[in-house]
Protein chains: 2
Amino acid sequence: MAGFNSIPVYEELVEAIQRLPNIGRRSAERIAYHIIESDEKEVDHLVRAIINAHDKIHKCEICGNYTDQKVCSICSDPSRDKSIICVVTRPRDIVAFEKSRVLRCRYHVLHGLLSPAEGIDPDMIDIRSLINRLKKGGIKEVIMATDPSVTGEATAMYISKLIKPMKIKVTRLGYGISVGSDLQYADEMTLSRSLEYRNEI
Amino acid sequence: MAGFNSIPVYEELVEAIQRLPNIGRRSAERIAYHIIESDEKEVDHLVRAIINAHDKIHKCEICGNYTDQKVCSICSDPSRDKSIICVVTRPRDIVAFEKSRVLRCRYHVLHGLLSPAEGIDPDMIDIRSLINRLKKGGIKEVIMATDPSVTGEATAMYISKLIKPMKIKVTRLGYGISVGSDLQYADEMTLSRSLEYRNEI
């Protein structure tokens, strides 16, 4: 088609935007137009925000949560209960648990779930660093707070089998989490219940 | 809240993304996470696409359509009927008309609509450049293809009054466009009908 869509730099921008999560062709075109019509300052601001966040945010060297420091704000908080570690799939899940305000523990982020179908094996997620934390001692309980999905359950089971010989209590989120749902979007009440009724596995 | 949301560079990224059209807080957070988790190459690609599109795309010096050349692909197409100018609100509307394939004319992009309520007066949209094009001669008809909204109608009326003394036929999109709708999302059939049944105003 002759016209605007035949400009290569426009097509490249639309394609790059479409690679972002939940953005279809039409949304990508609206965003591309918006960017083209924005003034220099606004585009600079967006570009700098992208580069800054990508450059400065990395994994906390203790728990794997995202931080712009060496150690995240939760791991460096002295008021936290250091004897409990809540194991989550991704940093976003920590935000959900913090909102539920039931636990004042520390976390461990796996950055993925085991999935033989997708070729994701134990070396590809942060299990080893969790075991190393536990080996240092002082941990009484590990709460497996992975998603209530097939891969989430399988990952919780796999890790619990590794931890049990270490004589550390391993629990799994109970009551409240609905099977097959996406944990990061769970409401605060559901998460509160699931922490309250957690069960030893 | 202690945790990920308290990282300033993260908050800045989410806020910058939220300024894009039709992106809410939750979508902005998903996109921000995606960017943070992307590898260097992918982020570079996105940033370069944004900068390139913004730097290289500008208004065609004849019609105001977006182009990466001095003159857009439509204005430089010798097979086009140069005696008809279709006046549209924004470059996106040209794409919609090109899809309908009824006209092989040229366009003029106003880059906005008159709106006394929003303080947008005739000097703030590209009316003067349209009048200058018409003064050069050779134009038999101007089709006012602004949105079928209050501001779109008012703009069409305002411009038609400027053109009439020049003895050039001015028509308005007819049949088919539904009042209050957004022209850029009109289907091809509706646009075909509205071109076929256009009326002199």
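Residues numbered from 1 in each chain as written. Chains lettered and ligands numbered in written order. Predicted model: local features only at pLDDT ≥ 70, side-chain atom pairs only at ≥ 80, totals over all residues. Heavy atoms only, no water.

Enquirer: So what about helix H1 (residues 8-18) of chain A? Which residues, and what values?
Expert: Looking at H1 of chain A, one finds that the buried residues are Val9, Tyr10, Glu11, Leu13, Val14, Ala16 and Ile17 of chain A. Buried-residue contacts for H1 of chain A involve helix H2 (25-37) of chain A together with helix H3 (40-56) of chain B. (Buried < 20%, exposed > 50% of the residue type's maximum accessible area, 1.4 Å probe, protein only. Helix = DSSP H or I, 4+ residues; strand = E, 2+ residues; numbered from the N terminus. Contact = heavy atoms within 4.5 Å.)

Enquirer: Kindly report on the pairing of strand S4 (residues 105-109) of chain B, identifying the contributing residues and their values.
Expert: Consecutive residues of a regular strand have side chains that alternate between opposite faces of the sheet. Residue and element names in this part refer to chain B. Burial of S4 is extensive: 5 of the 5 residues sit out of reach of the surface. As paired strands, strand S3 (residues 81-88) and S4 are joined by 5 bridges and run parallel to one another. Each bridged residue has a counterpart across the sheet, and for Val88 the counterpart in S4 is Val109. The handedness of the S3 to S4 crossover, carried by helix H4 (residues 91-100), is right-handed. (Pairing = 2+ DSSP bridges. Right-handed = clockwise from strand over helix to strand, strands pointing away.)

Enquirer: Summarise the relation of the copies chain A and chain B; cite the residues concerned and give the values.
Expert: Superposing chain A onto chain B takes a rotation of 180° combined with a translation of 0.0 Å along the rotation axis, leaving an RMSD of 0.0 Å. Between the two chains, the operation in question is that of a two-fold axis. Distance from the rotation axis, computed per C-alpha, reaches its smallest value in chain A at Val47 of chain A: 3.0 Å. With an isologous cut-off of 70% or more, the 100% of interface residues of chain A that recur at the interface of chain B puts this contact in the isologous class. (Least-squares fit on C-alpha atoms with pLDDT ≥ 70 in both.)

Enquirer: Pulling in residues and values, what's your account of the packing of H2 of chain A against H4 of chain B?
Expert: Between H2 of chain A and H4 of chain B, the shortest axis-to-axis distance is 11 Å and the interhelical angle comes to 140°. Taken together, the axes of H2 of chain A and H4 of chain B lie oblique to each other. For the pair H2 of chain A and H4 of chain B, contact is made by Arg30, Tyr33 and Glu37 of chain A and by Pro91, Arg92 and Val95 of chain B, respectively. Partitioning the contact of H2 of chain A with H4 of chain B into residue classes produces 3 nonpolar, no polar and 3 charged. (Axes fitted to C-alpha atoms, helices over the stretch in contact; angles between N-to-C directions. Parallel < 35°, antiparallel > 145°, perpendicular 65-115°, else oblique. Nonpolar A, V, L, I, M, F, W, Y, C, P; charged D, E, K, R; others polar.)

Enquirer: So what about unusual backbone geometry? Which residues, and what values?
Expert: Of note, Lys167 of chain A is a non-glycine position whose phi angle comes to about 60°, a positive value. Under the relative-accessibility criterion, Lys167 of chain A is labelled exposed at 76%. In this model, His111 of chain B sits at a positive phi of 55°, which is unusual for a non-glycine residue. Along the chain, His111 of chain B turns up in the loop between S4 and helix H5 (128-135).

Enquirer: Can you lay out the pairing of S3 of chain B for me, pointing to particular residues and giving the numbers?
Expert: Residue and element names in this part refer to chain B. In terms of residue burial, S3 counts as a mostly covered element, since 6 of its 8 residues are buried. In the sheet, S3 pairs with strand S5 (residues 141-144) via 4 bridges, with the strands oriented parallel. Considered in S5, the bridge of Ile84 is made with Glu141.

Enquirer: Could you give an account of the interface of chain A and chain B, with specific residues and numbers?
Expert: The interface is formed by 55 residues belonging to chain A together with 55 residues belonging to chain B. A per-residue breakdown of the area chain A buries against chain B is headed by Arg30, His54 and Tyr66 of chain A, which together make up 13% of the total. Our count for the chain A to chain B interface comes out at 8 residue pairs in polar contact (both at pLDDT 80 or more). Elements supplying a minimum of two residues to the side of chain A that touches chain B: H1, H2, helix H3 (40-56), strand S2 (66-67) and helix H4 (91-100) of chain A. (Buried area = accessible area lost by both parts, 1.4 Å probe. Polar contact = N/O pair within 3.5 Å; in protein donor to acceptor, adjacent residues only side chain to side chain.)

Enquirer: Can you break down the pattern of salt bridges residue by residue, with the values?
Expert: The tally for this structure, following the rule as stated, stands at 20 salt bridges over all chains. For Asp126 of chain A, the salt bridge is made with Lys59 of chain A, and the minimal N-O distance between the two is 3.1 Å. One end of the pair, Asp126 of chain A, is in the loop between strand S4 (105-109) and helix H5 (128-135); the other, Lys59 of chain A, is in strand S1 (residues 58-59), and 67 residues separate them in sequence. Accessibility expressed as a relative area gives 41% for Lys59 of chain A, which makes it partly exposed. One salt bridge connects Asp93 of chain B with Arg90 of chain B, and the closest N-O pair in it is separated by 3.1 Å. Residue Arg90 of chain B is classed as buried on the basis of its relative accessible area, which comes to 15%. Linked through salt bridges whose partners overlap, the residues forming this network are Asp77, Arg80, Glu98 and Arg104 of chain A. (Salt bridge = Lys/Arg side-chain N within 4 Å of Asp/Glu carboxyl O.)

Enquirer: An account of the side chain of Thr67 of chain B is requested, with residue identities and associated values reported.
Expert: Checked against the element boundaries, Thr67 of chain B lands in strand S2 (residues 66-67). Taking relative accessible area as the criterion, Thr67 of chain B reaches 3% and is therefore assigned buried. At 2.9 Å, the side chain of Thr67 of chain B forms a polar contact with the backbone nitrogen of Gln69 of chain B. Discounting residues that sit within four places of it in the chain, Thr67 of chain B has contacts with Ile7 of chain A together with Lys56, Ile57, His58, Lys59, Cys60 and Cys72 of chain B.

These results come straight from atomic positions and should not be treated as a statement about function.
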